[in-house]
Amino acid sequence: MGLVTTKEMFEKAYKGGYAIGAFNVNNMEIIQGIVEAATETNSPVILQVSAGARKYANPIYLKKLVEASLECIKLQGKDIPVVLHLDHGPDFITCKDCIDSGFTSVMIDGSKYDFEENVALTKEVVDYAHKRGVVVEAEIGKLAGIEDDVAVSSDDAMYTNPKEAEEFVKRTGCDSLAIAIGTSHGAYKFKGEPRLRFDILEEISKRLPNFPIVLHGASSVPQEFVDMCNKYGGNIPGAKGVPEEMLRKAATMAVCKINIDSDIRLAMTANIRECFVNEPEVFDPRTYLGKAREAVKNMVKHKIVNVLGSENKA
Ligand code: G3H
Ligand code: 13P
Ligand code: ZN
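Residues numbered from 1 in each chain as written. Chains lettered and ligands numbered in written order. Predicted model: local features only at pLDDT ≥ 70, side-chain atom pairs only at ≥ 80, totals over all residues. Heavy atoms only, no water.

Quick word on the coordination of the zinc ion (ligand 3)
1) Next: The protein atoms donating to the zinc ion (ligand 3) are H88 (NE2), H185 (NE2) and H216 (ND1), with metal-donor distances spanning 2.1 Å.
2) Next: Counting gaps between the donor residues of the zinc ion (ligand 3) yields the pattern H-x96-H-x30-H. In this pair, H185 is assigned in the loop between β8 (176-179) and α8 (198-207) and H216 in the loop between β9 (213-215) and α9 (223-231), connecting sequence segments 31 residues apart. (Donors = N, O, S within 2.8 Å, 3.2 Å for Na, K, Ca; no water. Helix = DSSP H or I, 4+ residues; strand = E, 2+ residues; numbered from the N terminus.)

Some remarks on unusual backbone geometry
Most of the time, phi is negative for any residue but glycine, and the peptide bond is trans.
1) Next: Phi angles above zero are rare outside glycine, and V221 is one such case at about 50 degrees.
2) Next: Tracing the backbone shows V221 in the loop between β9 and α9.
3) Next: Residue V221 is classed as buried on the basis of its relative accessible area of 3%.
4) Next: For N312, which is not glycine, the phi dihedral falls at a positive 60 degrees.
5) Next: Tracing the backbone through its elements, the reader meets N312 in the segment after α12 (285-308).
6) Next: N312 sits in the exposed class, given a relative accessible area of 53%. (Buried < 20%, exposed > 50% of the residue type's maximum accessible area, 1.4 Å probe, protein only.)

Some points on the pairing of strand β3 (residues 82-89)
1) Next: Of all eight residues in β3, eight are buried, a share of seventy percent or more.
2) Next: Here β3 pairs with strand β4 (residues 105-108) via three bridges, running parallel. Bridged to L86 within β4 is V106.
3) Next: Since β3 and β4 lie parallel, the crossover through helix α5 (residues 92-100) that links them has a hand, and here it is right-handed. (Pairing = 2+ DSSP bridges. Right-handed = clockwise from strand over helix to strand, strands pointing away.)

A short note on the site of ligand 2
1) Next: For ligand 2, the set of nearby residues contains 15 residues, the closest of which are D87, K189, S219, D261 and S262.
2) Next: Residue H185 places a side-chain N or O atom 3.0 Å away from an oxygen atom belonging to ligand 2.
3) Next: Measuring from an oxygen atom of ligand 2, one finds a side-chain N or O atom of H216 at 3.1 Å.
4) Next: When ligand 2 is considered free in solution it has 310 Å² of accessible area, and contact with the protein chains removes 96% of it.
5) Next: Mapped by element, the contributors of at least two residues to the shell around ligand 2 are β3 and β10 (255-260).
6) Next: Grouping the constituent residues of the shell around ligand 2 by class yields two nonpolar, 10 polar and three charged. (Near = heavy atom within 4 Å. Polar contact = N/O pair within 3.5 Å; in protein donor to acceptor, adjacent residues only side chain to side chain. Areas by Shrake-Rupley, 256 points an atom, 1.4 Å probe, with all protein chains shown as cover. Nonpolar A, V, L, I, M, F, W, Y, C, P; charged D, E, K, R; others polar.)

In structure tokens form, the structure reads like this:
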């Protein structure tokens, strides 16, 4: 099948009441863990690359690793839809570079700008992308926490305004929209009880019927990994994510794409830390990175089967 866009994936997910997992990729082990999980569960999947990932791994390496994973799927006689997506594209030029190099989906994150500037920038990317068969995710509203170089405290978090969301989509022609309903990036999402504004999501879906919504900052920060990190020398007390029941609920509503990065980081770090403490004689990176890869795979499988609901939807 090769790389596909999110178009058909989101249409099916919207109708079927499930969501597609969008997992951030930064190296070979992460790509392998995610792709093996998606292949074994026969699930569509989105592999997303941030500007930071491009800087860390080199865009050419990431592209080739993704291509290698597609070849491996084929060699197993399997066929699952895979999207290669730019996460939080900071500007037109980064989006253009990704579109030109074969990405099937890009996000232009103009949420740091005011409404009119965000519309203009998003429209510019949409015009370029659509001419080349690439889909565009945009964002309106600011997530709590640190997003790009803008720090937003939880108290200041600006939820997406449904009326603005409607106008934004109509004026830009974007294919999906990331909204702020209380999630945030990273491992510290809520000080008190987790709370998401499902009322805002509901209102947006009434104004934009059948339009796919994206949830960023949607890691659940599994307590098991937090405890393992802390037990084996880490220091991340009080880390807390979005409860899985809330993600499941969002997936049955208009949310078609659920972004997960922190859970990958936690799964890898917890297992590497455990290996270093329990097996101090180990110094072969394949041993601890192999464990990390297995942990990513198991975590992604769990998400697909129990949270996203995308198992057997390939
Ligand atoms: O939304 C942010 C993602 O977790 C990517 O993070 O910019 O550190 O690669 P990064
Ligand atoms: P998390 O930090 O919750 O994993 O969010 C990832 C994300 O939104 C990537 O764009
Ligand atoms: Zn994000």
